[in-house]
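This is what each chain is made of:
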Amino acid sequence: MSLTKKNLIFLGAPGAGKGTISNLLLAKVKLAHISTGDLLRAEVAAKSELGLAAGKIMASGGLVPDEIVAKMVRARLAKDDCREGFILDGFPRTIQQAELLDAALKEIHSQIDAVIYLHVDDETLLQRLTARLNCRGCDAIYNKLFMPPKVEGVCDKCGSALYQRSDDSLETAKQRLSVFYKQTEPLIEFYRKAGLLMTFEKGDPNAIVDQMISDLK
Ligand code: AMP
């Protein structure tokens, strides 16, 4: 299946479902998945210079400097698989990142077609974050309360062990939400003014993805 609007940004607070909904959409539509959180966690795991600097900031719930993240995304967008369309999951997170993204896309004669804003209330966000489980072996995401795996602690898809992200503790999750409201929320108005914003309210992830596909066709 292909979409008319295929260069997408997923915008939403931590826990809004950007990763979960990306995975469901990617199962139906061929797009490159660019999660800056995943790219940064890979740098942390590899103990690269970037990873060592970013790891401390991530552990505190803050944002990694705009230029560093934008440079990483710019390199990723230049890869061939992005020509068929992409999901930017968790980027941009500041107005400056949005401007750096715009410049990077202009250089490669590309543009954003739609910004998907996932709107979820704070109480649900905190409940979801503190009960979230991630797979060590693949991109699967579970939730102890709302979307448990069939066997406790084991990924349904690949059988690897599940773990809780260290920044999903209650204290750090609250800090990440406050960073979202201060630094990322202004992007909603920014993209609304640009005529790109599509808002989806909290709901069944499969239903959200079906609606999204029909709106992006
Ligand atoms: P995520 O997996 O999207 O929740 O990201 C985890 C952490 O990585 C965030 O709390 C930030 O510390 C960092 N991070 C991810 N994306 C960005 C970004 N676009 N700008 C700055 N920091 C980011």
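All values derive from a computational prediction rather than experimental measurement. (Residues numbered from 1 in each chain as written. Predicted model: local features only at pLDDT ≥ 70, side-chain atom pairs only at ≥ 80, totals over all residues. Heavy atoms only, no water.)

Student: Explanation requested: the nonpolar core in the structure shown.
Tutor: Within soluble globular proteins, side chains that are nonpolar tend to cluster in buried spots. Core analysis: the largest hydrophobic core is formed by 27 residues, its most contacted members being Leu11, Phe86, Leu88, Leu101 and Tyr191. Breaking this core down by element, the ones donating at least two residues are strand 1 (7-11), strand 2 (32-35), helix 3 (49-60), helix 4 (66-77), strand 3 (86-89), helix 5 (95-107), strand 4 (114-119) and helix 8 (186-193). Of the residues forming this core, the biggest block, 5 residues, is contributed by helix 4. Ranked by size, the runner-up nonpolar core spans 24 residues in total, among them Ala114, Ile116, Met212 and Leu216. (Core = buried A, V, L, I, M, F, W, Y, C linked by side-chain atoms within 4.5 Å. Buried < 20%, exposed > 50% of the residue type's maximum accessible area, 1.4 Å probe, protein only. Helix = DSSP H or I, 4+ residues; strand = E, 2+ residues; numbered from the N terminus.)

Student: Would you explain the sheet that holds strand 7 (residues 162-163) in this entry?
Tutor: Pairing between the strands of a sheet comes from backbone hydrogen bonds, and it takes one of two forms, parallel or antiparallel. Read across the sheet, 3 strands follow the order 6-5-7 without closing on themselves; strand pairing throughout is antiparallel. Lying at the two open borders of the sheet, with one neighbouring strand each, are strand 6 (141-143) and strand 7. Sheet topology places strand 5 (residues 132-135) next to strand 7; 2 bridges connect them, and they run antiparallel. Considered in strand 7, the bridge of Cys135 is made with Leu162. (Pairing = 2+ DSSP bridges.)

Student: Mind showing me how you'd approach the environment of Ile213 here?
Tutor: Mapped onto the secondary structure, Ile213 falls in helix 9 (residues 205-216). Of the residues examined, Ile213 reaches a relative accessible area of 5% and is grouped as buried. Each C-alpha atom of the pair Ile213 and Lys5 lies 9.4 Å from the other, and the pair is 208 residues apart in sequence. Apart from the residues within four sequence positions on either side, Ile213 is in contact with Met1, Leu3, Leu25, Lys28 and Val29. (Contact = heavy atoms within 4.5 Å.)

Student: Looking at this structure, how should I read the pattern of salt bridges?
Tutor: A side chain of one charge can pair with a side chain of the opposite charge if their charged atoms are brought near each other. Overall, the coordinates contain 13 salt bridges when judged by the stated rule. Close ionic contact of Arg76 with Asp81 constitutes a salt bridge, the shortest N to O distance being 2.7 Å. Under the relative-accessibility criterion, Asp81 is labelled partly exposed at 37%. Taking the shortest distance from any N to any O, the salt bridge between Arg165 and Asp167 comes out at 3.0 Å. When salt bridges with common partners are traced through the structure, they connect Arg132, Arg165, Asp167, Asp168 and Arg176 into a single cluster. (Salt bridge = Lys/Arg side-chain N within 4 Å of Asp/Glu carboxyl O.)

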